Every structure is written in C-alpha cells, then in structure tokens.
Amino acid sequence: MPQLRTESNHPDLKNTPSSAYKMAMTTNDEKWMHIALKQAQKAFEMDEVPIGAVLVDADETWNTAACNEVITQQDATAHAEIMALRKAGQIMANYRLLNSTLYVTVEPCVMCMGALIHARIKRVVFGAKDPKWGAAGSLYDFSQDSRFNHQIEVTSGILETSCRTLMQTFFKERRSR
Ligand SMILES: [Zn+2]
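In this report, we go over the structure that sits alongside the text.

Cut-off values and rules
- Residues numbered from 1 in each chain as written.
- Predicted model: local features only at pLDDT ≥ 70, side-chain atom pairs only at ≥ 80, totals over all residues.
- Heavy atoms only, no water.
- Helix = DSSP H or I, 4+ residues; strand = E, 2+ residues; numbered from the N terminus.
- Buried < 20%, exposed > 50% of the residue type's maximum accessible area, 1.4 Å probe, protein only.
- Contact = heavy atoms within 4.5 Å.
- Phe/Tyr/Trp six-rings, centres within 6.5 Å; stacked < 30°, edge-to-face > 60°.
- Pairing = 2+ DSSP bridges.
- Axes fitted to C-alpha atoms, helices over the stretch in contact; angles between N-to-C directions.
- Donors = N, O, S within 2.8 Å, 3.2 Å for Na, K, Ca; no water.
- Core = buried A, V, L, I, M, F, W, Y, C linked by side-chain atoms within 4.5 Å.
- Lys, Arg positive; Asp, Glu negative; His and termini not counted.
- Salt bridge = Lys/Arg side-chain N within 4 Å of Asp/Glu carboxyl O.

Looking at the overall build of the chain
Broken down by element type, the chain carries five helices and five strands. Counted from the first residue to the last, the chain has its helices and strands arranged as α-β-β-α-α-β-α-β-β-α. Counting the 177 residues in the chain, one finds 46% classified as buried. Within the chain, contacts between residues at least 6 apart in sequence are counted, and of these 59% link residues at least 24 apart.

Description of the packing of aromatic side chains
Taken as a whole and judged by the stated rule, the model has five aromatic pairs. Here the aromatic residues Phe 44, Phe 170 and Phe 171 are joined through ring pairs into a cluster of three or more.

Focus: the sheet that holds strand E5 (residues 153–156)
Sheet strands line up and pair through hydrogen bonds in the backbone, either parallel or antiparallel. Pairing is mixed across the open sheet formed by five strands, whose spatial order is E2-E1-E3-E4-E5. Both outer strands of the open sheet, strand E2 (63–67) and E5, are each paired with one neighbouring strand and no more. Across this sheet, the average inter-strand angle for adjacent strands is 15°, counted without regard to direction. In the sheet, strand E1 (residues 52–56) pairs with strand E3 (residues 101–106) via four bridges, with the strands oriented antiparallel. Pairing of Val 56 across the sheet is with Thr 101, part of E3. Against the sheet, helix H5 (residues 160–175) touches E3 and strand E4 (123–128), its axis set at about 60° to E4.

Quick notes on the coordination of the zinc ion
Around a metal, the idealised angle for a tetrahedral arrangement of four donor atoms is 109.5 degrees; for an octahedral arrangement of six donor atoms it is 90 or 180 degrees. Coordination of the zinc ion by the protein comes from His 79 (ND1), Cys 109 (SG) and Cys 112 (SG), over a distance range of 2.1 to 2.3 Å. Donor residues binding the zinc ion come from one chain and are separated in sequence as H-x29-C-x2-C. Of this pair, His 79 sits in the loop between helix H2 (70–73) and helix H3 (80–92) while Cys 112 sits in helix H4 (residues 110–118), placing them 33 residues apart in sequence.

What to know about the nonpolar core
Counting 31 residues, the largest nonpolar core has Leu 55, Leu 85, Leu 97, Leu 102, Leu 116 and Ile 121 as its most contacted members. When contributions to this core are tallied by element, the ones reaching two or more residues are E1, H3, E3, H4 and E4. If one sorts the elements of this core by residue count, H3 sits on top with six residues. Residue contacts for Leu 85: discarding those within four places in its chain leaves Leu 55, Leu 97, Ala 115, Leu 116, Ala 119 and Ile 121. Within the second largest apolar cluster, 17 residues are counted, among which are Trp 32, Met 33, Phe 44 and Ile 158.

A closer look at the side chain of Glu 81
Note that Glu 81 resides in helix H3. It is Arg 86 that comes nearest to the buried, bridge-free Glu 81 among opposite-charge side chains, at 11 Å. Contact partners of Glu 81, with chain neighbours within four places excluded, come to Ala 53, Leu 102, Val 104, Val 106, Pro 108, Cys 109 and Cys 112.

A short note on the pattern of salt bridges
In total, this model carries seven salt bridges according to the counting rule given. The salt bridge partner of Asp 29 is Arg 123, with a shortest N-O separation of 2.7 Å. Note that Asp 29 is positioned in helix H1 (residues 17–45) and Arg 123 in strand E4, a separation of 94 residues in sequence. Each member of the pair, Asp 29 together with Arg 123, is buried. With its nearest N and O atoms 3.6 Å apart, the salt bridge here joins Arg 123 to Glu 153. Here Arg 123, found in strand E4, pairs with Glu 153, found in strand E5; they are 30 residues apart in sequence, far enough to count as distant. The class of Arg 123 is buried, set by a relative accessible area of 11%. Through salt bridges with shared partners, one network takes in Asp 29, Arg 123 and Glu 153.

Below, the structure is given as structure tokens:
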C-alpha cells in the first residue's frame, strides 16, 4: 500500500494579513483533501481507480465522502463525484447544492463537471490534473464556459503529489500483474 505524504508546510507564506488569510484557506482545503485522499485509498483497496471526493456545504455543517466504484457498482457513472452528489442530494432533499464545495483527488471528467454544473456547485478543488478526461482546465474547461447557465470556481494542485502518486502506484501495480 502506498503511504500518503502530507504537504501541510508552507514556509513561503509571509505573516501579512492577506497571506494569513490565504494560509487559512489553504489549510482548510488541505483538511478536506486529506479526507478525499482517504476515500481514494479506499477505492485503491477495492481495486478501483483510486479517486476520492468530499462535498462540503458553505458552513461546513455537513459533508459527504465517496470514492470511485465503477467496477463494484457495475456502473460507468459511479465516479467519486457523482457518488458524493447523490449522498448530498439525499441529505439536502434537493438536487441543487448551492454554495457547496466539491473536493476531489483528480480533476473531474466531462461527465462529472456536467453533473456538478447541474447541481450548482459553487467551487471545485482538485489535486492532480487529468489530461485524458479533465474538464476543469485540462482537456476542456467547463468551469467558466458562459454558454452554461452556471460557472464554477476552480482551485487545483491541493495535495497534488499525494493524489498523483496514488494514481501512478495503482496503474504501475496493475500493469505488473
Ligand atoms: Zn468523472
């Protein structure tokens, strides 16, 4: 099993009000991304592509965590983001999840970005980029496309190394079988 590396040190941040604010934001993003990484680890142990997600509301009064389960569920739509959306919809008794933030270890694909737009998610935070499927800036950028009726704020690169290493380890192990 690969060890998850923590990346919580930011020696470059100076002690000014603006960077203190930035640091607080970053720390919170890292806190949630660590939980998404635990979900990704769970997917890894289930022999699923190791991607995890956490959906958090604006006040952090609730959150839902989920991992990729396409093989287990025999469902091509069972990506971590979709699973988290489904759980959150049950909690809120609403498919619209206004002002919530979705944390996911790997950049959302075209399907998931579409679903996140439908759900009116406010912000997406992801770790590693996905040049093959990514629709939050890599292959496509659905986040700021004005042709959609909703735009999503995107932050990338949170705990990127840990998120990417987990994926690389998974595919390396799978190839060597
Ligand atoms: Zn997806």
